[in-house]
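# Commentary on secondary and tertiary structure
In case you want the letters, here they are:
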Amino acid sequence: MSKQTHAFQAEVAQLLHLVTHSLYSNQEIFLRELISNASDACDKLRFEALNNTGLYEDAPDLQVRLSFDKTAKTLTITDNGIGMTAQEAIDHLGTIAKSGTKDFVSKLSGDQKSDAQLIGQFGVGFYSGFIVADKITVETRRAGATPAEGVRWISGGTGDFEVETIELPKRGTSVILHLREEALDYANTWKLKEIVGKYSDHISLPILMAKEEWQDGELIEPNNEEGGRQPGGMVKTGEWETINKASALWTRPKKDITDEQYADFYKQISRDFEAPLTWTHNRVEGSTEYTQLLYIPSKAPQDLWNRDKKAGIKLYVKRVFIMDDAEALMPSYLRFVKGVVDSADLPLNVSRELLQESRDVKAIREGCTKRVLSMLEDLAKHDKEPEAQDGVTDVLSEEDNAQLGQYSKFYAEFGAVLKEGLGEDFGNQARLSKLLRFASSTHDTVSVSFADYKARMKEGQDAIYYITADTMAAAKNSPQLEVFKKKGIEVLLMTDRVDEWALNFVNEFDGTPLQSVAKGAFDLGKLQDEEEKKAAEDAAETFKPVLAKLKEALKDKAEDVRVTSRLVDSPACLVVTDDGMSMQLARMLKQAGQSAPEVKPVLEVNPEHALVKKLDGSVHFHDLAHILFDQALLAEGGLPADPAAYVKRVNALLS
Ligand code: ADP
């Protein structure tokens, strides 16, 4: 194939522009990205070679080599991994295949700092080379292909790239970075060693550099180009030394690993800039043997809400990398967890399909789930400062102190996803319920657990009250809360989209039923005294004729109309029947374009309210009835079916 020019896909061009314009503050990540690609390429080769050892040719030792040439101003990263065919080079280095990354590119703001943060979460991969290079040459040959099928790919990182076939004796890939003037200091052994130590120490593949030789206090530059240029090639001069630890971190004993090393490893596998919130590292023995190293990130990724998002678990079998994103190893509601599982039992040629069915995998998944839950329980336990007892507060140990507020941090990022587990993982539902936190009518921060709530329940209160709403403001000010506020009864405020759905699966906590204050008939049980009950009954009696008229006027909108003692300041509110879908959930489904049953709510009116008192005998009865209904709908974040008619009615009365 002679030289061909191809244009980059539009998203790539956009990404490239961003990479070269906004990643200065984190330049050095390019090396981590390219080494990570090299390591992936070796993993892929090892995997394919399981069924075809011929792919190793005469070089079974997989490795990455770094070399530079100060005169030519190049830095080269060479691997003897799987390599690429010409078509693969065109596809993989010219387009963005992953839809997640595409979405991400469209979200970029142009603001350096926040974009850099975003990039950290996705990893720009290969294109990060253009942070330090104004031209990149890739020379690559697919394992198993003939030397004549080598490929040279060249681009200046703007609109297009060139591809041609060349002769390459060895399989694998060399990425040759033509360094920008201001990036020339990367052509330096110490600098490269330092960066590798920081980001790529635990890549389980050796990373080699030519040994520098000194003579009479003078550095003799090794002739790197000779060896470095040829993928996987042997160097003709000089010796090579391994500059990373090249041992899989998770196989080392816990006591030999520092927090910093754990955090670095996390950054490597997650491509996140930020340190993880916490992690757990265990060797599990028994009928299935495996090692797990699981991390909880500090920040939620952009695409957390994509339920198709792949789990962040890498599967290894006896230290051989098998696959990324092993979704079978973690339930979907824990899709934010990142880490490594290394199994001693699974066959090396395990496929995704096989994973779904394997009993070992099921056991690993259960084990990992339990581990993550205990890790969260532990964080939750240490989240709050101990309350003073008899005026004495315990002094926290340094370790406990460090954990203070960590669970709240976790919950703010991932709490809503965790709730999906209530409907997905019945076996762990009780544990998950204990991990939930809410704001309440008496506590503004999302910190109230069901247990906290129960401990504060009033004498005679026999339910955990909650309300779901679209926003915190709507929840807090909702009319249904009025009597609870008056009586000083706490109500949990739920404003996550998933709440309504998730709570469907939880009817009680520790023997106490959960009760929505916007569902069913109003009944405070023992919390209402006889006098109040009597007054309510009397009001219902006197209001009978008005209720009948209201029912008739609103028969298309309301299932029923009744008086209530739920309200204090508001004239009316809407509730749904006990087993009905809430108005909020119905709205949400409709917005999401899904079919929702037509919910006809019950209109409840406050017999003590001036407006309601005026109804009887009013010449505007019909308009007032509709205004009452529409206002009740507005108060809970809904919209009147005919907003213009509503405005007309109100204006008619106003004038
Ligand atoms: P990612 O690694 O996240 O998939 P990149 O942009 O870094 O994204 O790379 C795109 C693709 O190019 C990779 O998925 C891989 O198929 C191919 N690739 C990159 N570097 C190498 C390499 N050193 N050897 C073989 N293939 C590579």
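Residues numbered from 1 in each chain as written. Predicted model: local features only at pLDDT ≥ 70, side-chain atom pairs only at ≥ 80, totals over all residues. Heavy atoms only, no water.

### Here we look at the overall build of the protein chain
- Helices and strands together make up the secondary structure of the protein chain, namely 22 helices and 24 strands.
- Looking at the 655 residues of the protein chain, the share that counts as buried comes to 53%.
- Long-range contacts, defined here as pairs at least 24 residues apart, represent 73% of the contacts in the protein chain between residues at least 6 apart.
- Approximately 30700 Å² of the protein chain is accessible, and the part contributed by carbon and sulfur atoms is 49%. (Helix = DSSP H or I, 4+ residues; strand = E, 2+ residues; numbered from the N terminus. Buried < 20%, exposed > 50% of the residue type's maximum accessible area, 1.4 Å probe, protein only. Contact = heavy atoms within 4.5 Å. Areas by Shrake-Rupley, 256 points an atom, 1.4 Å probe, with all protein chains shown as cover.)

### Focus: the pairing of strand S22 (residues 560–563)
- Here S22 shows one buried face, formed by Val561 and Val563, and one open face, formed by Asp560 and Arg562.
- In the sheet, S22 pairs with strand S24 (residues 602–605) via four bridges, with the strands oriented parallel. The residue bridging Val563 from the neighbouring strand is Val605, located in S24. (Pairing = 2+ DSSP bridges.)

### Focus on the pairing of strand S3 (residues 74–79)
- S3 sits mainly inside the fold: six of its six residues count as buried.
- Residues Thr74, Thr76 and Thr78 point to one face of S3 and Leu75, Ile77 and Asp79 to the other, with burial holding for every one of them.
- Where strand S2 (residues 64–69) lies against S3, six bridges are found, and the strand directions are antiparallel. In the sheet register, Phe68 faces S3, and the bridge partner there is Leu75.
- Where S2 folds back on S3, the antiparallel hairpin that results is connected by four residues, among which Lys73 adopts a positive phi of roughly 60°.
- The sheet contact formed by S3 and strand S7 (residues 172–179) spans six bridges and is antiparallel. Within S7, the position partnered with Leu75 by the bridge is Leu177.

### A short note on the pattern of salt bridges
- Taken as a whole, this structure holds 33 salt bridges when the rule is applied.
- As a salt-bridge pair, Arg46 and Asp43 come within 3.3 Å of each other at their nearest N and O atoms. A residue pair is termed a helical-turn pair when its members lie 3 or 4 positions apart in one helix, as Arg46 and Asp43 do in helix H2 (residues 29–49) at three residues.
- A relative accessible area of 7% means that Asp43 is categorised as buried.
- Between Lys255 and Asp256 there is a salt bridge, and its shortest N-O distance comes to 3.5 Å.
- Shared partners join several salt bridges into a network, and the residues in it are Glu48, Glu88 and Arg142. (Salt bridge = Lys/Arg side-chain N within 4 Å of Asp/Glu carboxyl O.)

### A short note on the packing of helix H18 (residues 530–553) against helix H21 (residues 621–635)
- Contact geometry of H18 with H21 gives a least axis separation of 10 Å together with a crossing angle of 75°. With respect to each other, H18 and H21 are oriented roughly perpendicular. Touching Val546, Lys549, Leu550 and Ala553 of H18 are Phe621, His622, Ala625 and His626, all from H21.
- The residue makeup of the contact of H18 with H21, split by class, is five nonpolar, two polar and one charged. (Axes fitted to C-alpha atoms, helices over the stretch in contact; angles between N-to-C directions. Parallel < 35°, antiparallel > 145°, perpendicular 65-115°, else oblique. Nonpolar A, V, L, I, M, F, W, Y, C, P; charged D, E, K, R; others polar.)

### Considerations on the sheet that holds strand S15 (residues 320–323)
- What the five strands build is an open sheet, ordered S12-S13-S16-S14-S15; its pairing is mixed. The outermost strands of the open sheet, each flanked by one partner alone, are strand S12 (278–284) and S15. With direction set aside, neighbouring strand axes in the sheet form an average angle of 20°.
- Note: strand S14 (residues 312–317) against S15, three bridges, orientation antiparallel. The residue of S15 that forms the bridge with Val317 is Val320.

### Observations regarding the packing of H2 against helix H6 (residues 189–199)
- One way to put it is that H2 packs onto H6 with a least axis distance of 9 Å and a crossing angle of 65°. With respect to H6, the axis of H2 lies roughly perpendicular. Handedness of the crossing formed by H2 with H6: right-handed. On H6, the residues that touch Ile29, Leu31, Arg32 and Ile35 of H2 are Leu192, Ile195, Val196 and Tyr199.
- By residue class, the composition of the contact of H2 with H6 is seven nonpolar, no polar and one charged. (Left-handed = near helix turned anticlockwise from the far one by under 90°.)

### Quick word on the sheet that holds strand S1 (residues 4–7)
- Ordered by their spatial adjacency, nine strands build an open sheet running S1-S6-S5-S4-S7-S3-S2-S8-S11, and the pairing between neighbours is mixed. Of all the strands in the sheet, just S1 and strand S11 (240–242) have a single pairing partner and so form its edges. Within the sheet, the average angular offset between the axes of one strand and its neighbour, ignoring direction, is 20°.

### Here we look at the nonpolar core
- Core analysis: the largest hydrophobic core is formed by 75 residues, its most contacted members being Leu315, Tyr407, Phe410, Leu418, Tyr465, Phe484 and Leu492.
- In terms of residue count, the dominant contributor to this core is helix H10 (residues 359–381) (nine residues).
- Each of two domains, domain 2 (249–381) and domain 3 (398–517), supplies a minimum of three residues to this core.
- Not counting chain neighbours up to four residues away, the residues in contact with Tyr407 comprise Leu376, Leu379, Ala380, Asp383, Leu418, Leu435 and Arg437. (Core = buried A, V, L, I, M, F, W, Y, C linked by side-chain atoms within 4.5 Å. Domains from an automatic or database assignment.)

### A closer look at empty space enclosed by the protein
- With the rule as written, the count across this model stands at two cavities of 30 Å³ or more.
- Counted as a void, the largest cavity has a volume near 170 Å³.
- Of all the elements in the fold, those that place two or more residues in the lining of the largest cavity are strand S18 (464–468), strand S23 (572–575) and helix H19 (583–591).
- Considering every element that reaches the lining of the largest cavity, the biggest residue donor is H19, with three residues. (1 Å grid on protein atoms, 1.4 Å probe; cavity = no way out; pocket = protein on both sides within 12 Å on 5 of 7 lines; lining within 4 Å. Points joined across faces, edges and corners; volume = space filled by probe spheres on them.)

### Describing the environment of Phe8
- Tracing the chain through its elements places Phe8 in the loop between S1 and helix H1 (10–22).
- Of the residues examined, Phe8 reaches a relative accessible area of 7% and is grouped as buried.
- Once the C-alpha coordinates of Phe8 and Ile90 are considered, the two residues, 82 residues apart in sequence, prove to be 9.2 Å apart.

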